[in-house]
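Report on the structure
Okay, here's what each chain looks like letter by letter:
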Number of protein chains: 2
Amino acid sequence: MLDDRKSQVLRAVIEDYIETAEPVGSRTIARKHRLGVSPATIRNEMADLEETGYLEQPHVSAGRIPSDKGYRFYVDTLMEPVQYTVEQYRQVYDEMIKHYREMERLIQEAGRLLASMTKSAAIVVAPPIEQLTFQHVQLLPVDERDVLVVLILSPNVVKNKIIRTERAFDSAELALLSAGLNQRLKGITYRDLGPTVLREIVADFGEIGQVMVELLVKGLAGDKNEQVYSSGMTHILNQPEFRDVEKAKALIEALEHKDLWLNLLCDDLHGVRVTIGKENIYSDIQDCSLVTATYHVGGHVVGSLGVIGPTRMEYARMLAMVELIASTLSELLTEMK
Amino acid sequence: MLDDRKSQVLRAVIEDYIETAEPVGSRTIARKHRLGVSPATIRNEMADLEETGYLEQPHVSAGRIPSDKGYRFYVDTLMEPVQYTVEQYRQVYDEMIKHYREMERLIQEAGRLLASMTKSAAIVVAPPIEQLTFQHVQLLPVDERDVLVVLILSPNVVKNKIIRTERAFDSAELALLSAGLNQRLKGITYRDLGPTVLREIVADFGEIGQVMVELLVKGLAGDKNEQVYSSGMTHILNQPEFRDVEKAKALIEALEHKDLWLNLLCDDLHGVRVTIGKENIYSDIQDCSLVTATYHVGGHVVGSLGVIGPTRMEYARMLAMVELIASTLSELLTEMK
DNA sequence: TTTAGCACTCAACGCCATCGAGTGCTAACA
DNA sequence: TGTTAGCACTCGATGGCGTTGAGTGCTAAA
């Protein structure tokens, strides 16, 4: 599509712009990247690249900046991929293994690490409860009619919720219920918990079974907002494109709007995905780029994570870091399963 | 200390400045607040107020702005107290009662409400575990050697932690341990869990008691950072004093530095407290004011909450809101106990 | 096809005059 | 003795204006 020299010029412009955040001129390119041609030639190439939509000009006497299309081409074909180093892997692994016992913490830590390593805002979407396998159910008395439902789910998730029951239950009765539920539920996922299983439970335990099922469903229906973690929001304020407080506020508010990310980051694709500027569906972030990946348990996609920053981001490094965190997280989650 | 007219002038300047965020001149005062004197007289008073340190002048041809000392005097003696309305109380109560079952959620909600009602950043410090009473301890098997410790503490707190044990325990054994622990611990606070009780447990259960105590102590030692919640940080970006991104960043970073607030908000005083500008110990927030209060369970201080904003804040309204949230939270926590 | 040369554009910068809000001081007044 | 009108003064903010310089597009020569 683009001949060799145009590609080289485009790459030079993009990499320079990523580094400096200033429009780049033909002179700069000729000086920094030894392409063996004069600024005038580069100027011609740049004019062509602008005409075909890869570059833009903020005003006539400034240099060029990459367009979304330019970044897209860069990410897809020009960019030199970066591989994370063994030390980086070790660092991430060591930090994450500390939180190995509890998945929620592990996932939060993954977000924090991603943010700190990329110096960007990071978002992590935890596995929806539907993806998890029942391991243990325990009902514990709290008060007269308050019961604590503790669910241990695989991999290493503990959920608890206090619910109010219709009538009083004593410890013995709750223990019995717990045992019955355990028998029915152990090893199945929430997804499998269809009407069939529910009916079986009701059949087994009669009216009490009914109550149990209600307990369980209530206990499970967690807040979706608690499934999305964001971190490193202050990094945004370091980027020159957010020196304007209004813009920064808009992005930070978007980040706090958790349910937006629930859908945005969640898709079933494996591998790392880049979404650039206007490619984003949500208009609030159309001057930003996202680098996202899914993470897995035993080859099964369970959640996703990513970074967000201005379109002018170090894509190669971001991709490497997202890849690193996602794969390490997958590795640890699969191990703990 | 200040004669009547000086007080009136000071109040007029402060209230105008709070409203407009612009230095206030003698003309404005004379026009807006009908003091029955000319700008010239007010000018004299203002010069006196500046000399005695209640007002400051950014530059000679601008109006006056209040100093920390000025705000302090305003808060202590000039300010017209605001009482929260019955509707506000109802709104807060209704919103909070939804999260009644679980204290942590309730407290987080209190923070969110405080932030949204004051349009400021809010911070809430949850009760340290030492303040809570054991109600139920349950050890549950997760894996071969992984045990889930569930602690139900009063008022309505559930803590859980998965810990790795030295040797394998089966369900029966864990049930036995749980029962033993419950017997020893029920009704006492972590504070009471001194060496005496620990020794008793070891005496009762021998080597297994030792393990249990270790489990418990490990399970209890939660992360102090998880005890501080902040919300409404984007409100900061609306204040004109934080139009400069660097300043905003500094404050937001300070807010994310959780352990700073642990000590700052926690003291045993009852009632609402105001800390203005340089009165703050931490230099990062010396151009901010804090309005904080403690909340109680049965008259016993267990935690604290507050708002932070520029020294130019609506103290009267802030005080009312902090008071409202703190007292409603105390009320609900006391009830649930 | 490349490149040197050149005219042109336009944001950024610094300079300067103007404007006006607000002051302090003085003198007159109640 | 306190209050106020009057007035000179200060100084940040605003806006016009010329200069600078980076960078361009075009043309013509190599």
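Residues numbered from 1 in each chain as written. Chains lettered and ligands numbered in written order. Predicted model: local features only at pLDDT ≥ 70, side-chain atom pairs only at ≥ 80, totals over all residues.

What to know about the overall build of chain A
Operational definition: By definition, any uninterrupted DSSP run of H or I lasting at least four residues is a helix, any uninterrupted run of E lasting at least two residues is a strand, and each is numbered from the N terminus. Computation of the radius of gyration draws on C-alpha atoms, with the globule rule given as 2.2 Å multiplied by the number of residues to the power 0.38. Exposed residues have 12 or fewer other C-beta atoms within 10 Å of their own C-beta, buried residues have 20 or more, and residues in between are partly exposed; the C-beta atoms are placed from the backbone. It is the C-beta atoms, placed from the backbone, that decide contacts: two residues are in contact if theirs lie within 7 Å.
What chain A contains, in helices and strands, is 12 helices and 10 strands. For chain A, the C-alpha radius of gyration of 26 Å lies well beyond 20 Å, the compact-globule estimate for 337 residues. In terms of principal-axis extent, the alpha carbons of chain A reach across some 85 × 40 × 35 Å. When burial is assessed residue by residue, chain A has 42% of its 337 residues classed as buried. Once local pairs closer than 6 in sequence are excluded, the contacts in chain A between residues at least 24 apart make up 60%.

Some details on the relation of the copies chain B and chain A
The line we're drawing: Copy-to-copy alignment: least squares on C-alpha atoms, limited to residues at pLDDT 70 or above in both.
Each copy of the sequence occupies a distinct position, and chain B is placed on chain A by a rotation of 180° and an axial shift of 0.0 Å, giving an RMSD of 0.1 Å. Such a turn and shift between the copies fits a two-fold axis. When C-alpha positions in chain B are compared against the rotation axis, the closest is assigned to Val 245 of chain B, at 3.1 Å.

Re the domain arrangement of chain A
The figure often quoted for interface size is the accessible area lost as the parts come together. Residue and element names in this part refer to chain A. The criterion, for reference: Note that domain bounds follow an automatic or database assignment of domains. Note that Gly is not counted as nonpolar here; it falls among the polar residues with everything else outside the nonpolar set of Ala, Val, Leu, Ile, Met, Phe, Trp, Tyr, Cys and Pro and the charged set of Asp, Glu, Lys and Arg.
When its domains are assigned, chain A resolves into domain 1 (4-78), domain 2 (86-127 + 228-336) and domain 3 (130-224). Tallying the contact residues gives 11 residues for domain 2 and seven residues for domain 3. Counting residues per element, the ones that place at least two in the side of domain 2 that touches domain 3 are helix 6 (103-118), helix 11 (258-265) and helix 12 (315-336). Its residues assigned to classes, the side of domain 2 that touches domain 3 shows seven nonpolar, no polar and four charged.

Here we look at the environment of Asn 225 of chain B
Residue and element names in this part refer to chain B. Within the fold, Asn 225 resides in the loop between helix 8 (195-220) and strand 7 (228-231). As a C-alpha pair, Asn 225 and Ala 21 span 204 residues in sequence and 35 Å in three-dimensional space. Ignoring anything within four residues of it in the chain, the contact list for Asn 225 reads Lys 258 and Asp 259.

Focus: the protein's contact with DNA strand D
The cut-off we apply is this: Nearness here has a simple definition: the residue's C-beta atom, placed using the backbone, must lie within 6 Å of the molecule or strand.
Neighbouring residues of DNA strand D: 20 residues in total, closest Gly 25 and Ser 61 of chain A together with Val 37, Thr 41 and Ser 61 of chain B. Elements supplying a minimum of two residues to the surface near DNA strand D: helix 2 (26-32) and helix 3 (39-51) of chain A together with helix 3 (39-51) of chain B. When residues in the surface near DNA strand D are grouped by element, the largest group, four residues, is from helix 3 of chain A. Per-class residue counts for the surface near DNA strand D are seven nonpolar, 10 polar and three charged.

Let's talk about the protein's contact with DNA strand C
Close contacts around DNA strand C come from 20 residues, with Val 37, Thr 41 and Ser 61 of chain A together with Gly 25 and Ser 61 of chain B the closest. Elements with a minimum of two residues in the surface near DNA strand C: helix 3 of chain A together with helix 2 (26-32) and helix 3 of chain B. If one sorts the elements of the surface near DNA strand C by residue count, helix 3 of chain B sits on top with four residues. When grouped by side-chain class, the residues that make up the surface near DNA strand C number seven nonpolar, 10 polar and three charged.

Some details on the sheet that holds strand 9 (residues 288-297) of chain A
Residues and elements named next belong to chain A. Here is the rule: Pairing between two strands is assigned when DSSP locates at least 2 bridges connecting them. The angle between two axes is taken between their N-to-C directions and runs from 0 to 180 degrees, where each axis is a line fitted to C-alpha atoms and a helix contributes only its stretch in contact.
On the basis of which strands lie adjacent, the open sheet formed by five strands has the order 7-3-10-9-8 and antiparallel pairing. Since the sheet does not close on itself, it has two edges, and those belong to strand 7 (228-231) and strand 8 (272-276), each with one partner. Along the sheet, successive strands turn relative to each other by an average axial angle of 20°, direction set aside. Inspection of the sheet shows strand 9 paired to strand 10 (residues 300-310) by 10 bridges, in the antiparallel sense. By the bridge assignment, Thr 292 is partnered in strand 10 with Gly 306. Here helix 11 sits on the sheet in contact with strand 3 (121-125), strand 7, strand 9 and strand 10, set at roughly 75° to strand 3.

A closer look at unusual backbone geometry
The omega torsion of the bond from Ser 154 of chain A to Pro 155 of chain A falls at 0°, within 30 degrees of zero and hence cis. Residue position: Pro 155 of chain A is located in the loop between strand 5 (146-154) and strand 6 (157-164). The phi torsion at Asn 156 of chain A lies on the positive side, around 45°, for a residue other than glycine. Assignment of secondary structure puts Asn 156 of chain A in the loop between strand 5 and strand 6. The phi dihedral of Lys 119 of chain B is positive, around 50°, even though this residue is not glycine. With respect to the element layout, Lys 119 of chain B can be found in the loop between helix 6 (103-118) and strand 3 (121-125).

Considerations on the sheet that holds strand 4 (residues 133-141) of chain B
Residue and element names in this part refer to chain B. The strand order across the open sheet built from three strands is 4-5-6, with neighbouring strands paired in antiparallel fashion. Two strands bound the open sheet, and with one partner strand each, they are strand 4 and strand 6 (157-164). Averaged over all pairs of adjacent strands, the angle between their axes in this sheet comes to 20°, without regard to strand direction. The pairing of strand 4 with strand 5 (residues 146-154) spans eight bridges and is classified as antiparallel.

Examining the interface of chain B and chain A
With 23 residues of chain B at the interface, the matching set in chain A holds 22 residues. Put simply, the parts of the chain that give the side of chain B that touches chain A at least two residues each are strand 4, strand 5, strand 6 and helix 10 (245-256) of chain B. Per-element tally for the side of chain B that touches chain A: the top contributor is helix 10 of chain B, with six residues. Its residues assigned to classes, the side of chain B that touches chain A shows 11 nonpolar, five polar and seven charged.

Re the environment of Leu 333 of chain B
All names here are of chain B. With respect to the helices and strands, Leu 333 occurs in helix 12 (residues 315-336). Here Leu 333 falls in the buried class, since 25 other C-beta atoms lie within 10 Å of it. As for Leu 333 and Met 103, which are separated by 230 residues in sequence, their C-alpha atoms are 7.6 Å apart. Those residues within four positions of Leu 333 in sequence are excluded, and the remaining contacts are Met 103, Pro 155, Tyr 295 and Val 297.

Looking at the packing of helix 1 (residues 4-20) of chain A against helix 4 (residues 68-78) of chain A
Residues and elements named next belong to chain A. Rule in force here: Small angles under 35 degrees read as roughly parallel and large ones over 145 as roughly antiparallel, with 65 to 115 read as roughly perpendicular and the rest as oblique. Crossings are classed by handedness, with left-handed meaning an anticlockwise turn of the near helix from the far one by less than a right angle and right-handed meaning a clockwise turn.
Orientation of helix 1 relative to helix 4, taken along the N-to-C sense of each, is 110°, at an axis distance of 10 Å. The angle between helix 1 and helix 4 places the two elements in the roughly perpendicular class. In this structure, helix 1 meets helix 4 at a crossing whose hand is left-handed. On helix 4, the residues that touch Ser 7, Leu 10, Arg 11 and Ile 14 of helix 1 are Gly 70, Tyr 71, Phe 73, Tyr 74 and Leu 78.

A few points about helix 6 of chain A
Condition: A helix is expected to span 1.5 Å multiplied by its residue count minus one.
Taking 1.5 Å of rise per residue, 16 residues should cover 22 Å, and helix 6 of chain A covers 22 Å from first to last C-alpha, within 8% of that figure. Where helix 6 of chain A terminates, the next one or two residues include Lys 119 of chain A, which has phi positive at roughly 50°.

Some thoughts on the pairing of strand 9 (residues 288-297) of chain B
All names here are of chain B. Burial analysis of strand 9 places nine of its 10 residues in the buried class, the great majority of the element. Where strand 8 (residues 272-276) lies against strand 9, five bridges are found, and the strand directions are antiparallel. Its bridge partner lying in strand 9, Ile 276 is registered against Ser 289. Where strand 9 hands over to strand 10 (residues 300-310), the hairpin turn is made up of two residues, of which Gly 298 adopts a positive phi near 55°.

A short note on the packing of helix 5 (residues 86-97) of chain A against helix 6 of chain A
Residues and elements named next belong to chain A. Relative orientation of the contacting elements helix 5 and helix 6 amounts to 145°, with a least axis distance of 9 Å. Note on packing geometry: the crossing formed by helix 5 with helix 6 is right-handed. Between helix 5 and helix 6, the contacting residues are Val 92, Glu 95 and Met 96 on the first element and Leu 106, Glu 109, Ala 110 and Leu 113 on the second. Per-class residue counts for the contact of helix 5 with helix 6 are five nonpolar, no polar and two charged.

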